[in-house]
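Structure assessment
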Amino acid sequence: MLRSLVGSEMCIRDRYQRRVHGGRMAGNTNLREGIVVVFGCSCILLTLGLNYAWGALANYVTSYLREHDNPNLSIEDFVLVLPANALCMSSTIPFGYLLLQHFPLRGVAISLVLTNTFFLLVSAYCKSFWPFVICFVFMPNFINGAISYIPIYCNWKYFPNKKGLLSGISFGAMNLSTLMFKLVSFYTVNPNDNLPTIEVRNGNSIHYYFEKNIYENVPYMLRVFAAIYFVLAFFGCLLIKVPKEYEYRPVETSSIRSAEEEQAFNSQPQVHRQTVGEWLEEAYDILKEVVKKKDFILLFVCGLFSTQIGFFMRICYKSYGFLYYRDDQYLTLVGTMMTITGTIARLLWGGLLD
């Protein structure tokens, strides 16, 4: 739901900037350059669906932590992981905008990517519940929220009249990311498709967990995740940029300029960089405007009901499937087909929106 607020806020801010810049949002940018930027943004977004693959990872991770932390740990203890992912990520999306006001685009993106890679690597060495949740869920998704704004920001600056299609591509790339990490998890942890043989009953619930020869591959899986994340995201960071009129320019501190330098400096469009206080005040005003709109209320209600089944299926599809069909490869493919369908739908509806 926070994404609804953020999306509306971005649209309102976009209209404001279009007025300020006299309609020059698209600028005279090169089409090929824009396509390269979209490709780089997609590489970054291909890393942001990791935690949405939690349904495929849950049995592996729970089996591993039961051995090293608490033998009574249940997959039900992780039931809030995916909602926590979404909450952490959505709550920090606006901070991506604030960071871009004060620091160079590429420097911000690379710094966030390196920090996230560090936490993913640390999670591979966590053998207790809370350290793992902090390093794999909370910290990466707080950072991913800020990262996720950057590709959308770059895409919209190059193609302001294709926001629906580009949003479809953006969220479609995140869906493909989920697909990729699901497959990687299976082929790194359980490539021989061994059955979960440890049956645990808790009241009316039954869960199946893997033997040591399977779950001992979990740290390796997490290290592979970190490597994939770093390679894709860092490569994407090297390709992203914005049109020249939106590039970050450090504030001039020297009072000594030649006449040519003074003329060049004065000819550049001056961008006001918001302080945190100014940003919070503007965000509050924008949100007051957004929540009063009928379209937002409709969007909020639609999102509330449409995401429920998605969260349920992503969290539970494999653990539920093990009750009736304990074939890890088959259930991974079921999750893969679910992700492919979602990706196609995002591209289709995003294009139709334009």
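Residues numbered from 1 in each chain as written. Predicted model: local features only at pLDDT ≥ 70, side-chain atom pairs only at ≥ 80, totals over all residues. Heavy atoms only, no water.

What follows covers the overall build of the protein. Counting its secondary structure elements, the protein contains 14 helices and two strands. Looking at the protein residue by residue over its 354 residues, the buried ones come to 47%. Excluding contacts between residues fewer than 6 apart, the proportion of contacts in the protein whose partners are at least 24 apart in sequence is 83%. Entry remark: accessible area of the protein is about 17,900 Å², with carbon and sulfur atoms responsible for 64%. (Helix = DSSP H or I, 4+ residues; strand = E, 2+ residues; numbered from the N terminus. Buried < 20%, exposed > 50% of the residue type's maximum accessible area, 1.4 Å probe, protein only. Contact = heavy atoms within 4.5 Å. Areas by Shrake-Rupley, 256 points an atom, 1.4 Å probe, with all protein chains shown as cover.)

Let's shift gears to the side chain of S185. Mapped onto the secondary structure, S185 falls in helix α8 (residues 163-189). Contact partners of S185, with chain neighbours within four places excluded, come to A56, L57, Y60, N190, M221 and F225.

This part takes up unusual backbone geometry. Of note, the phi angle at D193 is positive, near 55 degrees, even though the residue is not glycine. Mapped onto the secondary structure, D193 falls in the loop between α8 and β1 (198-202).

Looking now at the packing of aromatic side chains. We describe a pair of aromatic rings using the distance from one ring centre to the other and the angle between the two ring planes. Inspection of every chain in the model, using the stated rule, returns 14 aromatic pairs. Summarising the aromatic geometry, the rings of Y60 and F210 are spaced 5.4 Å apart at their centres and angled 45 degrees between planes, so their arrangement reads as tilted. Of the two residues, Y60 is situated in helix α3 (residues 54-68) and F210 in the loop between β2 (205-209) and α9 (212-215); the sequence distance between them amounts to 150 residues. For F210, a relative accessible area of 1% corresponds to the buried category. Directly above the aromatic system of W156 lies the positively charged group of K163, at a separation of 5.4 Å from the ring centroid. (Phe/Tyr/Trp six-rings, centres within 6.5 Å; stacked < 30°, edge-to-face > 60°. Lys NZ or Arg CZ within 6 Å of the ring centre and 35° of its normal.)

Next up on the list: the packing of helix α2 (residues 31-45) against helix α10 (residues 218-239). Working note: a packed helix pair is described by the angle between its axes plus the distance between those axes. The contact between α2 and α10 brings their axes to 7 Å, and the two run at 155 degrees. Put simply, α2 runs roughly antiparallel to α10. The way α2 lies across α10 gives a crossing that is left-handed. For the pair α2 and α10, the contacting residues are V36, V37, F39, G40, C43 and I44 in the first and L232, A233, F235, G236, C237 and L239 in the second. (Axes fitted to C-alpha atoms, helices over the stretch in contact; angles between N-to-C directions. Parallel < 35°, antiparallel > 145°, perpendicular 65-115°, else oblique. Left-handed = near helix turned anticlockwise from the far one by under 90°.)

Right, let's get into the packing of α3 against α8. Relative orientation of the contacting elements α3 and α8 amounts to 30 degrees, with a least axis distance of 9 Å. When the axes of α3 and α8 are compared, the pair comes out roughly parallel. Crossing hand, α3 versus α8: left-handed. When α3 is examined against α8, the residues A56, L57 and Y60 are found in contact with a partner set consisting of K182, S185, F186 and V189. Considered class by class, the residues forming the contact of α3 with α8 number five nonpolar, one polar and one charged. (Nonpolar A, V, L, I, M, F, W, Y, C, P; charged D, E, K, R; others polar.)

Turning to the environment of A226, a few remarks are in order. As for its position among the elements, A226 is in helix α10. Taking C-alpha positions, A226 is 5.5 Å from L120, a pair spaced 106 residues apart along the chain.

Position of A58 relative to the elements: it lies in helix α3. In this structure, the C-alpha to C-alpha distance between A58 and I75, residues 17 residues apart in sequence, is 6.7 Å.

When a strand is regular, its side chains alternate between the sheet's two faces. Pairing of β1 with β2, which is carried by five bridges, proceeds in the antiparallel orientation. For R201, the partnering residue across the bridge sits in β2 and is I206. Counting the residues between successive antiparallel strands, the hairpin from β1 to β2 contains two residues, one of them, G203, with a positive phi of roughly 70 degrees. (Pairing = 2+ DSSP bridges.)

On inspection of all chains with the given rule, the structure shows two salt bridges. Close ionic contact of E33 with K241 constitutes a salt bridge, the shortest N to O distance being 3.7 Å. Here E33 is found in helix α2, whereas its partner K241 is found in the loop between α10 and α11 (259-267), with 208 residues between them in sequence. With a relative accessible area of 31%, K241 lands in the partly exposed category. The partner of E199 in a salt bridge is R201, and the shortest N-O contact between them spans 2.9 Å. (Salt bridge = Lys/Arg side-chain N within 4 Å of Asp/Glu carboxyl O.)

Moving on: the side chain of T188. Positionally, T188 belongs in helix α8. A polar atom in the side chain of T188 sits 3.3 Å from the backbone oxygen of S185. (Polar contact = N/O pair within 3.5 Å; in protein donor to acceptor, adjacent residues only side chain to side chain.)

With 27 residues, α8 extends 39 Å from end C-alpha to end C-alpha; this agrees with the ideal 39 Å at 1.5 Å per step. Counting buried residues along α8, 19 of its 27 residues qualify, which places the element largely inside the surrounding structure. (Expected span 1.5 Å × (residues − 1).)

The subject of this paragraph is the confidence of the model for the protein. Looking at the protein as a whole, its pLDDT mean stands at 79, while 81% of the residues score no less than 70. Per-element confidence in the protein ranges from a low mean pLDDT of 47 for helix α1 (residues 2-20) to a high of 95 for α10. Counted against residues more than four places away or in other chains, residues 1-6, with its pLDDT under 50, gives 22 contacts. A low-confidence stretch, residues 15-28 (pLDDT under 50), is modelled with 19 contacts involving residues beyond four sequence positions or located in other chains. (pLDDT = per-residue confidence, 0-100.)

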